[in-house]
Amino acid sequence: MARDDTLILAVPKGRISAEVAPLFARLGLEPEPAFADPESRQLKFATNDPKLAIIRVRSFDVATFVAFNAAQLGICGRDVLMEFDYSEIYAPLDLGIGKCHLAVAEPAELVRRDEPQRWSHVRVATKYPEITKRHFAARGVQAECIKLSGAMELAPGLGLCRRIVDLVSTGATLKANGLVEVERIAEITSRLIVNRAALKTRPEELARWIERFKVAAAELSRAA
Ligand code: PRP
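About the thresholds
- Residues numbered from 1 in each chain as written.
- Predicted model: local features only at pLDDT ≥ 70, side-chain atom pairs only at ≥ 80, totals over all residues.
- Heavy atoms only, no water.
- Helix = DSSP H or I, 4+ residues; strand = E, 2+ residues; numbered from the N terminus.
- Buried < 20%, exposed > 50% of the residue type's maximum accessible area, 1.4 Å probe, protein only.
- Pairing = 2+ DSSP bridges.
- Salt bridge = Lys/Arg side-chain N within 4 Å of Asp/Glu carboxyl O.
- Near = heavy atom within 4 Å.
- Polar contact = N/O pair within 3.5 Å; in protein donor to acceptor, adjacent residues only side chain to side chain.
- Areas by Shrake-Rupley, 256 points an atom, 1.4 Å probe, with all protein chains shown as cover.
- Nonpolar A, V, L, I, M, F, W, Y, C, P; charged D, E, K, R; others polar.
- Arc of directions from axis to C-beta.
- Phe/Tyr/Trp six-rings, centres within 6.5 Å; stacked < 30°, edge-to-face > 60°.
- Lys NZ or Arg CZ within 6 Å of the ring centre and 35° of its normal.
- Contact = heavy atoms within 4.5 Å.

*Asks:* Tell me about unusual backbone geometry, and name the residues and values.
*Replies:* One non-glycine residue with positive phi stands out, namely Asn69, at about 65 degrees. Positive phi, normally seen in glycine, also occurs at Asp85, with a value near 50 degrees. If you trace the backbone, Asp85 turns up in the loop between helix H3 (78–84) and strand E5 (89–94).

*Asks:* Report on the pairing of strand E3 (residues 52–57), specifying residues and quantitative values.
*Replies:* Extensive coverage of E3 is indicated by the burial of six of its six residues. Both faces of E3 are covered, namely the face carrying Leu52, Ile54 and Arg56 and the face carrying Ala53, Ile55 and Val57. Of the strand pairs in this sheet, strand E1 (residues 7–12) and E3 are connected by six bridges, and their pairing is parallel. Note that in E3 the partner of Ala10 across the bridge is Ile55. In terms of strand pairing, strand E2 (residues 44–46) meets E3 through three bridges, oriented antiparallel. Its bridge partner being in E3, Ala46 is matched across the sheet by Ala53. Connecting the antiparallel pair E2 and E3 is a turn made up of five residues.

*Asks:* I'd love a proper account of the pattern of salt bridges, names of residues and values included.
*Replies:* One pass over the full model with this rule turns up ten salt bridges. Of the charged contacts, one joins Arg163 and Glu106 as a salt bridge, the two residues approaching to 2.8 Å between their closest N and O atoms. Here Arg163, found in strand E9 (residues 163–168), pairs with Glu106, found in strand E6 (residues 100–107); they are 57 residues apart in sequence, far enough to count as distant. No difference in accessibility class separates Arg163 from Glu106, as the two residues are buried. With a shortest N-O distance of 2.8 Å, Glu205 and Arg202 are connected by a salt bridge. The burial state of Glu205 is the same as that of Arg202; both residues are buried. Here the salt bridges share partners, and the residues they tie into one network are Glu181, Arg184 and Glu187.

*Asks:* I'd like a rundown of the site of the ligand, residues and numbers included.
*Replies:* Within the structure, the ligand sits among Arg15, Lys127, Gly150, Glu153, Asp166, Leu167, Val168, Ser169, Thr170, Gly171, Ala172 and Thr173. In the environment of the ligand, an oxygen atom lies 2.9 Å from a nitrogen or oxygen atom belonging to the side chain of Asp166. Residue Thr173 places a side-chain N or O atom 2.4 Å away from an oxygen atom belonging to the ligand. For the ligand, the accessible surface in isolation is 500 Å², of which the surrounding protein chains cover 69%. Of all elements in the fold, only E9 and helix H6 (172–176) reach the threshold of two or more residues within the shell around the ligand. By residue number, the principal contributor to the shell around the ligand is E9, which donates three residues. Residues of the shell around the ligand, tallied by class, amount to three nonpolar, five polar and four charged.

*Asks:* Report on helix H5 (residues 129–137), specifying residues and quantitative values.
*Replies:* Of the residues making up H5, those classed as buried are Pro129, Ile131, Thr132, His135 and Phe136. All buried residues of H5 lie within an arc of 165 degrees about the axis, which places them on one face of the element.

*Asks:* Break down the packing of aromatic side chains for me, with residues and values.
*Replies:* This structure, assessed with the given rule, holds seven aromatic pairs. Residues Phe84 and Tyr86 carry aromatic rings whose centres are separated by 5.6 Å and whose planes lie at 25 degrees to one another, so their mutual orientation is stacked. The partly exposed category is assigned to Phe84, whose relative accessible area is 36%. Each residue in the set Phe60, Phe84, Tyr86 and Tyr128 is aromatic and connected to the rest through ring pairs, giving one cluster. For Arg56, the ring lying beneath its charged end belongs to Phe35, and the centroid distance is 4.4 Å.

*Asks:* So, the side chain of Glu205: which residues are in play, and what are the values?
*Replies:* By secondary structure assignment, the location of Glu205 is in helix H8 (residues 203–223). For Glu205, the contacting residues outside a window of four places in its chain are Leu7 and Lys51.

*Asks:* Requested: an account of helix H2 (residues 59–67), with residues and values cited.
*Replies:* Residues of H2 that are buried include every one of Phe60, Val62, Ala63, Val66 and Ala67, and no others. The buried residues of H2 occupy an angular sector of 155 degrees when projected down its axis, which confines them to one face. Check the buried side of H2 and you find it contacts E1, E3, strand E4 (73–77), H3, E5 and strand E11 (190–195). Following H2 by one or two positions, Asn69 has its phi on the positive side, about 65 degrees.

Take a look at the structure:
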């Protein structure tokens with residue numbers, strides 16, 4: 001397949017978009033109008049920089065596109081990097097956006113009679129089977145993971161399992177589904193990620209982008 005030399009930046013869909021917009025403004029990066037149009041089905045967007053285009057994909061897929069050098073740069077949650085541990089991805093910068101945490105949660109009525117120190121085996125619904133298994137294995141508990149792609153807060157109420165591991169931001173989704181956080185696994189923010197091979201073949205351009213993101217993220221955090 002013929003490729004031009006446009007760099008591709010992969011950004012995640014969803015709630016994080018509201019935090020990506022001010023970052024782009026600080027970078028002076030202006031995507032074409034369709035990027036901000038919720039009705040648009042477009043997935044790739046030109047920007048005011050003729051050498052940079054943006055793609056918008058699911059958060060887990062940001063890492064996949066960058067790991068395979070289909071995108072050279074990406075904005076990616078630490079949760080995704082912890083789950084996959086791609087050797088082809090370099091994550092030089094914490095952007096300080098998308099703050100949330102990964103937690104174990106269970107129904108409020110279970111918390112009252114639960115004895116976590118006595119567990120030898122747990123069954124957990126999650127998008128993050130690797131992180132979950134590692135977390136429990138560290139204290140000798142075997143985790144059986146049921147992989148879901150979303151809405152895991154439904155699982156305990158419907159008898160799929162008693163516990164979930166998921167991202168918690170405001171805590172509203174847990175509360176609305178009668179769940180209580182019982183363990184915090186990791187603090188999460190979004191990182192700038194770069195493909196390692198691209199970093200070797202296009203070092204000046206990518207170093208310039210890393211520096212620009214660094215300045216923009218620092219300005220944003222000062223303004224917050
Ligand atoms: C995430 C996460 C929780 C929710 C937590 O889902 O999976 O369901 O946000 O946020 P809260 O603590 O503020 O309620 P998201 O809405 O991003 O959708 P997703 O299921 O597609 O990941």
